[in-house]
Amino acid sequence: MPDFIDTDIVKKIENLRQELHRHNNRYYVMDAPEISDAEYDRIMRQLIELEAHYPELSSPDSPSMRVGALPLKKFDTIKHTVRMLSLDNAFSDSDILDFNRRVKKELMTDGEILYTAEPKMDGVAVELVYGDGKLVVGSTRGDGETGEVITSNVKTIRTVPILLEHHGDEKKAPARLEVRGEVVISREGFKRLNEEMSNNGLPLFANPRNAAAGSLRQLDPRVTARRPLEIFIYGIGDVADMNINSHGDLLCRLKSFGFRINPHIKKKITIAEVIEYFRELEEKRNGLPYDIDGMVIKVDSIEFQLQLGTTSRSPRWAIACKFKAIQETTRVLKIEVQVGRTGTLTPVAHLETVNIGGVKVNRATLHNEDEIRRKDIRIGDTVLVQRAGDVIPEIVKAIDTVRTGRETIFTMPASCPFCDTPVVQDEGEASIRCINDACPAKIKAQIEHFASKRAFNIDGLGEKLINQLVDKGYLSSFADIFYLDKEKIGNLDNMGAKSAENLSESIEKSKIISFSRFLYALGIRHVGEHIAEILASKYGCIENLYDAKYDDLKDIKGIGPVLAQSIAEFFILKENRKKIDQILKCGVNIHPEKGNIKQTLDGKIFVLTGTLETMTRSEAIQKIRILGGKVSESVSKKTDFVIAGQSPGSKIEKARALGVHIIDEEGFKEIAGAGLIDS
Ligand code: IVH
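Predicted model only: the values in this text are computed from it and were never measured.

Calculation rules
- Residues numbered from 1 in each chain as written.
- Predicted model: local features only at pLDDT ≥ 70, side-chain atom pairs only at ≥ 80, totals over all residues.
- Heavy atoms only, no water.
- Pairing = 2+ DSSP bridges.
- Helix = DSSP H or I, 4+ residues; strand = E, 2+ residues; numbered from the N terminus.
- Contact = heavy atoms within 4.5 Å.
- Axes fitted to C-alpha atoms, helices over the stretch in contact; angles between N-to-C directions.
- Left-handed = near helix turned anticlockwise from the far one by under 90°.
- Nonpolar A, V, L, I, M, F, W, Y, C, P; charged D, E, K, R; others polar.
- Near = heavy atom within 4 Å.
- Polar contact = N/O pair within 3.5 Å; in protein donor to acceptor, adjacent residues only side chain to side chain.
- Areas by Shrake-Rupley, 256 points an atom, 1.4 Å probe, with all protein chains shown as cover.
- Expected span 1.5 Å × (residues − 1).
- Buried < 20%, exposed > 50% of the residue type's maximum accessible area, 1.4 Å probe, protein only.
- Arc of directions from axis to C-beta.

Which parts of the structure should I look at to understand the sheet that holds strand β3 (residues 115-121)?
In sheet architecture, strand pairing relies on hydrogen bonds along the backbone and comes in two forms, parallel and antiparallel. What the five strands build is an open sheet, ordered β2-β11-β10-β3-β9; its pairing is mixed. A strand with exactly one partner marks an edge of an open sheet, and here the two such strands are β2 (89-90) and β9 (266-269). Against the sheet, helix α3 (residues 93-107) touches β2, β3, β10 (292-299) and β11 (318-322), its axis set at about 175 degrees to β11. The sheet strands contacting helix α8 (residues 247-256) are β3, β9 and β10, and the helix crosses β3 at an angle near 55 degrees.

Structural data, given as structure tokens:
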């Protein structure tokens, strides 16, 4: 280490790292956080700043790796020291009982065998190798023998420990430890990710497993870092050095090292209990936050496992008991084409309503024409439908044996079904697009996007109302939203004077908006929230973007040629500039990103309680954050201000007891300073 670096800095960095490792473990593995997310982020930012200042102090074990290392050109490969096997399947109780009989026969015993029963998570298998308690390699299963090295990507997963916990010398992790587990994305995470993909005009993932696999195989770890990946560890590679004779105990030991273990594991149970638990887990299945497709049972005794050994593809001591897939058959009534905001035509199958695992399904996306051809799905077909990842209904296949001959083949239209403009297909893409900017379907989708939560967030302006407004000719672009006539709205179906008044208030409120949200709302092809943020911080204001050239844009980190072209094209078009001018003229107030705003509340921690009068809770939170402050859920010694609205809760007492400043709404406006707060 160069001696000009202050030892205080070295110590400080080390302390921050230790603190972050500890809080990560408390939050993700122990489920017992000690600090708020905001506080965690603050410490992380401090560390990242210091490491940026002192690059010679950076380390592959730093928690800052969670935000993603530099992109790779390609993945290296690595041979697993112990092959990563797959599992044989059992589809019925009798298959499970047969397995138990085989195990007993091999072991030449008549005694009861004890098993561990674990959810079979539907994700991607990975191996993590630790040397002296540090994560050194993360890899995919690959063909079982050789996998791809994805170390920087797995480091971004918050539930993957970068350093192991040491619980006294006795229980210290072995010098070399290879663990295996499943990387998954929760259904909620999957939904959000697909929303983001759709907002960015990118193709959607079919299910959480594909999303997890795609996210892990990113050459740019910073992309992986933004994906909601999680891990559950279920076993180890080499069992030497662990000195343990029970799989159940092994999982407990792994947990003590800081690994996350699935909480629905039953340890040391008999085969009768295994069958009982299989039923229970199948019932629980839909209530779990992530997909499972069965239950894995493993002989608990490691000695027995070694005696039983493996076949060429799977261990003889474990079996996967598969759930019945949640699939039903139904009929394709028709296939309709939808047009999205960027003009992409998506075929959607309208189905005879069917109940799949408790959810009524009557639509299924068919993605694009290639997909329809590949699956050979025809109108009138009886089809097998499943809720892929138990979320988006998907047609698995057509049951061609029951075809009557009256089914008809669907072809994508040559022109847009809403405006009749001939469609175009971009080179190398499966989808086709309507390029008419006046297409009513496109306009409706654009307005919906413009008014959506993460854009202008106009409460009450949803799909149905937008359809009416466009069809009646009151809206011909999103810019017209700010010129809507209250009276006319009040006369629409299902709207009265009161709803019109509410809508007009929501529109008024939406007029203060950050530059990045504003850019995102414009619906520029491929510009999602993340890119909008990059553009906002690079250009600062809309006028600067007007003059942005393709060549400048394409060199911005994270943008590249496709996006640069799309952005430059958007701002060159007079029509688009006209819309923006129209929006700005009616009092829309774009405020700069945080970086350009004086951080008057820098680092101050606020807690809100009670109802505010002149702003909503989320507006107040947004304002605090814009001005550099933090918002916490609970009052502690670290809280700087409690903002008390009407009917405050018990947080007030706590604040009093701790001597924290209590302010009212007016007081808040004062300390935040006028300008921004006054809307
Ligand atoms: S044990 C040698 N346990 O299922 C035994 N696997 O078909 C290896 N999986 O590649 C696997 N949950 O990706 C095991 N609790 C669990 C599992 C599990 C999901 C996956 C794993 C493996 C595949 C085997």
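Following the structure, the description resumes.
Would you take a moment to explain the packing of helix α1 (residues 7-29) against helix α2 (residues 37-53) for this structure?
Each pair of packed helices can be described by the angle between their axes along with the distance between the axes. In the contact formed by α1 and α2, the axes pass within 10 Å of each other and the chain directions differ by 145 degrees. The crossing of α1 and α2 is left-handed. Facing α1, whose interface residues are I9, K12, I13, L16, R17, E19, L20, H23, N24 and Y27, α2 presents D37, Y40, I43, M44, Q46, L47, L50 and E51. Residue composition of the contact of α1 with α2, grouped by class: 10 nonpolar, three polar and five charged.

Help me understand the site of the ligand in this model?
All residues in the neighbourhood of the ligand are listed as L87, E118, P119, K120, M121, A125, E182, Y234, V296, K298 and P315. At 3.4 Å, a backbone N or O of L87 approaches an oxygen atom of the ligand. Between the ligand and the protein, one listed contact pairs an oxygen atom with a side-chain N or O atom of E182 at 2.4 Å. Look at the ligand: alone it shows 520 Å² of surface, and the protein chains cover 86% of it. Considering each element in turn, the shell around the ligand owes the most residues, four residues, to β3.

Explain unusual backbone geometry here, please?
Note: most peptide bonds trans; most residues except glycine with negative phi. Look at M108: it is not a glycine, yet its phi comes out positive at around 50 degrees. Here M108 lies in the loop between α3 and β3.

Please explain helix α21 (residues 574-585) as it appears in this structure.
A turn of α-helix holds 3.6 residues, and therefore any two residues three or four places apart point the same way. The end-to-end C-alpha separation of α21 is 16 Å, in line with the 16 Å expected for 12 residues at 1.5 Å each. Within the sequence span of α21, burial applies to N576, K579, I580 and I583. Angularly, the buried residues of α21 cover 95 degrees about the axis, an arc narrow enough to put them on a single face. Counted as exposed and oriented over 90 degrees from the buried face of α21: K574, K578 and K585. Where α21 is buried, its residues meet α12 (440-451), α16 (515-521), α18 (542-546) and α20 (560-572).

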